[in-house]
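So you can see what is in the structure, the chains are spelled out below.
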Amino acid sequence: MKEYVSYRVRKAFEAYDDALILATHSRWNACVNRLYYACFYMISALAIQNDFESLTHSGLKTLFSLHFIKTGKVSREFGKLYSDLFDWRQKGDYNDHFDFDKESIEPVIPIVKAFLDVLAHLIGIEEETD
């Protein structure tokens, strides 16, 4: 289990790094997708570590809210961030003729990094540097 949790944390930071690359090329919808998945992987690592299981993205979002946001272990602002990214990812991936822009997404990027760092700390794993 510990190895799988570490793997998911690593995947979270890799997805975040992918988002940074996409942002430098103004690929904002794809950037949102990677930001969402960065958070998703980190939340799934937290859930696995705490013996919570969900088979769906919506289920994981609900578990995160119940066990980490509502209990105060993670700030409400981070709960809202994840909820927004959940909605934005679906909008960017599935709605035709919709494009995010730099002004709406670029300010979110460092907030996602802070989110990842806080959850990694809760898990007990800090970001690994190369």
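Please refer to the structure placed before this passage.
Residues numbered from 1 in each chain as written. Predicted model: local features only at pLDDT ≥ 70, side-chain atom pairs only at ≥ 80, totals over all residues. Heavy atoms only, no water.

## A word on the nonpolar core
No. 1: Among the nonpolar cores identified, the biggest contains 45 residues, and Leu35, Met42, Phe64, Tyr82, Val112, Phe115 and Leu116 are the most heavily contacted of them.
No. 2: Of all the elements in the fold, those that place two or more residues in this core are helix H1 (2–24), helix H2 (28–49), helix H3 (57–69), helix H4 (76–94) and helix H6 (109–123).
No. 3: Ranked by the residues each element gives to this core, the list is headed by H2, at 16 residues.
No. 4: Those residues in contact with Leu116 that sit more than four places away from it in its chain are Ala12, Phe13, Tyr16, Ala38, Cys39 and Met42. (Core = buried A, V, L, I, M, F, W, Y, C linked by side-chain atoms within 4.5 Å. Buried < 20%, exposed > 50% of the residue type's maximum accessible area, 1.4 Å probe, protein only. Helix = DSSP H or I, 4+ residues; strand = E, 2+ residues; numbered from the N terminus. Contact = heavy atoms within 4.5 Å.)

## Quick look at the side chain of Arg8
No. 1: When you line up the elements, Arg8 lands in helix H1.
No. 2: Here Arg8 is buried and forms no salt bridge, its nearest opposite-charge partner Glu14 lying at an N-O distance of 10.0 Å.
No. 3: Ignoring sequence-local partners within four residues, the contact set of Arg8 consists of Phe40, Tyr41, Ser44, Ala45 and Ile48. (Lys, Arg positive; Asp, Glu negative; His and termini not counted. Salt bridge = Lys/Arg side-chain N within 4 Å of Asp/Glu carboxyl O.)

## Here's the deal with the packing of H3 against H4
Relative orientation and spacing of two packed helices are given, respectively, by the angle between their axes and the distance between those axes.
No. 1: For the pair H3 and H4, interaxial distance at closest approach is 10 Å and the crossing angle is 170 degrees. If you check the angle between H3 and H4, you find them roughly antiparallel. Listed contacts from H4 to His57, Ser58, Leu60, Lys61, Phe64 and Ile69 of H3 are Arg76, Gly79, Tyr82, Ser83, Phe86 and Arg89.
No. 2: A breakdown of the residues in the contact of H3 with H4 according to their chemical character gives five nonpolar, four polar and three charged. (Axes fitted to C-alpha atoms, helices over the stretch in contact; angles between N-to-C directions. Parallel < 35°, antiparallel > 145°, perpendicular 65-115°, else oblique. Nonpolar A, V, L, I, M, F, W, Y, C, P; charged D, E, K, R; others polar.)

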